[in-house]
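One-letter residues, chain by chain:
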Amino acid sequence: MDTGQAEEAIVRLIARTSAIVLVEGELGVGKTHLQERLRARFTADSRIVLSGRCAPFSGELEPVLEAALSTPRVVPRHGGPVLGALAPRLPELADRLPPPLPPLPDPRADLARCFRALRELFSSTAPTVLLLDDIQWSDSATRAFLRYLCTRRSPALSMVLTYRPHSDSPRLTHFAGRGFPVETVSLGPLDETRATTLAETLSGQSPLPPSLSRSLPLAEGLPYAISALVREKGRPLPTAVRDVHAEQVRLCGKEVRAVLRAAALCADGVTEDELRSLSGLGRSAISVALPEAIEIGLLRETRPNHYGWQREVARRAVHEATSPPLRRGLHRAAASLRPHDTVFTAHHLRLAGDTGQWLEYSRRHADIAMSEGDWSTTVQLLRALLRHAELTDPDRVHLATTLSRAAFDGLDCDQIVSTVREILAEVSLPPATRGELRNNLGILLLSQSGEHEEGYRELEKAVDELRDGDPPLALKVMSSLAIPYTGHRHIDTHLGWLERLDRGLGPACLPDPLTAATIQVNRLTTLMTIGAPEAWEAAEVVTSDTDDPQLARQRMRGCLNLTDCTSWLGHYAAAKRYLTRGRTWSHQLGADYLSEQLRVAAVLLNWLRGDWRNLRTTTEALVDRYDSLPLVASECRLVAGALALEHGDCQAAVALLADVSATRPRTAAAPPVGATAAALLARHHYHRGAKAAALRELDAALRVIHDTGIWVWASEIAPIAVELLHNAGRRDQIPELLSAMEAGLEGRDAPAAMASLALSKAMDLDLGDGAPDDVLGLYDAALDSFTDVGRPYWTATTHVWRDRYLHTELQQDTDDLAIAVDIFSSLGAAVSARRAQETLDNRKPRRRGRPSYGTTLSPRETEVAQLACAGRTNSQIATRLGLSVRTVEQHIAHAMRKTGAASRYELANPVEATS
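A quick note: this is a predicted structure, and the numbers were derived from the prediction, not measured. For every chain, the first residue of its written sequence is number 1, and the numbers climb from 1 along that sequence. Thresholds applied to this predicted model are a pLDDT of at least 70 for local features of residues and 80 or more for the giving and counting of side-chain atom pairs; totals over whole chains, interfaces and linings are not thresholded and use all residues. As a convention, hydrogens and water are excluded, and side-chain values are obtained from all of the structure's heavy atoms.

Peer 1: An account of unusual backbone geometry is needed here, citing residue identities and associated values.
Peer 2: Positioned with a positive phi, S46 is a non-glycine residue whose angle comes to about 65°. Helix numbering and strand numbering both begin at the N terminus, where a helix is a DSSP run of H or I of at least 4 residues and a strand a DSSP run of E of at least 2. Relative to the helices and strands, S46 is located in the loop between helix 2 (31-44) and strand 2 (48-53). Judged by its relative accessible area of 58%, S46 is exposed. A positive phi is found at Q811, a non-glycine position, where the angle reads about 55°. With respect to the helices and strands, Q811 occurs in the loop between helix 38 (792-809) and helix 39 (816-827). Exposed residues in this analysis have more than 50% of their type's maximum accessible area, buried residues have under 20%, and partly exposed residues fall in between, with area computed by a 1.4 Å probe over protein chains only.

Peer 1: Can you explain the sheet that holds strand 3 (residues 128-133)? Please cite residues and give values.
Peer 2: When DSSP finds at least two bridges between two strands, those strands are taken to pair. Read from one edge of the open sheet, 5 strands run 2-3-4-1-5, paired in parallel fashion. Two strands close off the open sheet at either side, each with one partner strand: strand 2 and strand 5 (182-186). Taking the axes of each pair of neighbouring strands and ignoring which way they run, one obtains an average angle of 15° across the sheet. Across 6 bridges, the pairing between strand 2 and strand 3 is parallel. Within the sheet, the bridge partner assigned to G52 lies in strand 3 and is L132. Should any heavy atoms of two residues lie within 4.5 Å, those residues are counted as being in contact. Think of each axis as a best-fit line through the C-alpha atoms, taken over the contacting stretch in the case of a helix, with angles from 0 to 180 degrees between the N-to-C directions. This element, helix 5 (residues 140-151), spans strand 1 (20-24), strand 3 and strand 4 (157-163) of the sheet and lies at about 145° to strand 4.

Peer 1: Describe the packing of helix 30 (residues 630-646) against helix 31 (residues 650-660), listing the residues and the values that go with them.
Peer 2: Interhelical geometry of helix 30 versus helix 31 gives an angle of 145° and a closest axis separation of 8 Å. Relative to helix 31, the crossing made by helix 30 is left-handed. Taken together, the residues of helix 31 that come into contact with helix 30 (itself represented by S634, R637, L638, A640, G641, A642, A644 and L645) are A653, L656, L657, D659 and V660. Here a crossing is taken to be left-handed if its near helix is turned anticlockwise relative to the far helix by less than a right angle, and right-handed if that turn runs clockwise.

Peer 1: Which residues make up the environment of E292, and what values do they have?
Peer 2: Among the structural elements, E292 can be located in helix 12 (residues 283-295). We classify E292 as partly exposed; its relative accessible area is 35%. Sequence separation between E292 and V259 is 33 residues; the distance between their C-alpha atoms is 9.9 Å.

Peer 1: Can you tell me about the pattern of salt bridges, naming the residues and giving the values?
Peer 2: Should a side-chain nitrogen of Lys or Arg be within 4 Å of a carboxyl oxygen of Asp or Glu, the pair is scored as a salt bridge. Enumeration over the complete set of coordinates arrives at 48 salt bridges. A salt bridge links R802 to D816, with the shortest nitrogen-to-oxygen separation between them at 2.7 Å. Note that R802 is positioned in helix 38 and D816 in helix 39, a separation of 14 residues in sequence. Since its relative accessible area comes to 15%, R802 is described here as buried. Since its relative accessible area comes to 3%, D816 is described here as buried.

Structure representation (structure tokens):
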């Protein structure tokens, strides 16, 4: 709990009874501040408040005597003679104390007499509170006196004692007498919200200025560090913080200090052998010093045989407080600890001051890492060079260009983007070099930062700068501009770039194999995104083998892109195939960014095709993991939000979906993600009666589809739009919507969107009083389509609508709703299942008993037989009807027996066959 919560808990406890409250909390968490607040609070309540503070190497009973001096009125004018034992120790109160008593020959007896005197002093009839701070520093006599007070309870006395949890505990619990309870209160760091509030209060600024906002996480929620940051206006390591921890280390023994300085070198922790090597201690010395450093709460075991600081702010403080010569020597020693970890070695070479060796080492190993496809190491080495080295402009440009290429596979592009932008703004560059840098920047903005318009503008400028200086690279940039997924431009604009690309390719401009492969993947991505049938034959290239790691990386990227494209199109078997191949490439190449994106692609695929087992937990973890990559996180937020809606967790769902909805200005989400999120929110708001909010979300979703002209992305949106437009009195917009969708899907291979169009048409006819045969024909067509695609959620939704029409409009009995309940339940769509079940439960019960059909096919056998004869597999029939595959097999066997059919394909007209 924080200090405010602890204060209220302590006040409530002491108001009821006299008690001992032990307040534990690490350095800087607010224990002293709590004592000050309690002192003011209890003083205002007319209690006698005695307060003292323990310090290292304090004298005998010094904190207790300080407490007695803090409130002189605690000394009675006419106290008992035993109070004279305190006269030599409290000369300031000589005028209020009896004459000094003669010393006793036994020091222990003299101390015991002093204990009795202090107890009498503190045993006022008025309510009294003894506040002692930092009793981990208390001397042995003070601790003995506290135990003495516990065993001889004074009815009016309470005690509040603070200490650090990793120190030697006060151990008062077992000494407390009856009726004198001992309670423990634990203070912890502030969470992010409370830390921000405290900083705003202390600074008087809301919101916080950028410098302070950036530095605030370094305080790790510790109030003293937050206060120091505010005082020093966001300085990353305030002087006060450094001095506090430096003093803490100074109080330790020599061997422990050596261990702490060595551990402060490495933020990721060090092994015991590494500590021994860096500290210069022998095995016996380290075996004593390391446990002591852990016992006093400064170090901890971060993982097996790896030790690091409890707090990063403390580690940095101790590292900075170490004298520069000693610090450089420690880094020089650390540089030889892990020869296989090039990033670690380069980092310590730099901090050791070996600049020349660091530059040479980092460049050499960055080249090696890039040649091996180790993009993460490349990015870390080059980024450190750009941030810390004194470089000439040519070197800076070369490194930035190399870094921006490698960053395509990194997971933290913010600093790289800012570095490239600075170079483009400050350094005079040849057009070809500027164009390459601008191309790399544009790709990073599009693929990682989610800054779509900025990314496209950078790429367009790059085309102009590269047209004469590097035509093949200009064609590569055009192929990037042709990809529609990450932006909000109309598809005709992207296809226009594709035409320019095709015109530029030829004998006059032959790109190198890697550039040609990149162009090929980009072109293929554009065609597959819009469901162009010609994409399929060309797509086989991304699954073919190659020994070239650069070409393999492009094919891995192609597999990722095609997984996303085919998932939205509704080709789930193909998506699974590309995902599997992409993962194979990932294991071989280890490209971080693409590997992580494959995880996200798998989440989207599983959501669309109805494999929801443990999916919400997985996806919510990915939302947190990719918080710094807004474009990647947006797909995770969509899926997590959609699943939260179906689990009835509306608050979480709305928060997740609103963050990526198309209604949000400049959302980082790709168009299909933003539009789908908006449609889901529209349906949610409508069901809750928020009509205006629902229509606002729906209009945003439809605007994305109209603005991009990519109707294959409307599979989740169209049925929701038909329902909401009809119910909102905007029915006249439905024919135009469906006509545009039908035209947009003409010639496209997009089974999910085609199934959605069939359902939308059925709903339109249903709600518009269409002919029953036409309505049911379209509903059946939608069921067939969703069954073929493998979309169980929408199969169940179609059953719900078909049931509504048959039961409400045609007054006919139907099993559709029961089928829908089964499908929803199997998915884990609890909200939809509950709604369907409630509708089913509210209907009049059917006639009891099960009818006997004899040699005549039952309605369900007839339905199964018709689907089997139409060429549906048992699995497809089971999905459509919400049955198990085994039940389907039994129905087919019964139908064949009753009709005498030799095979399932002879069940052409089972109704006539059994007449």
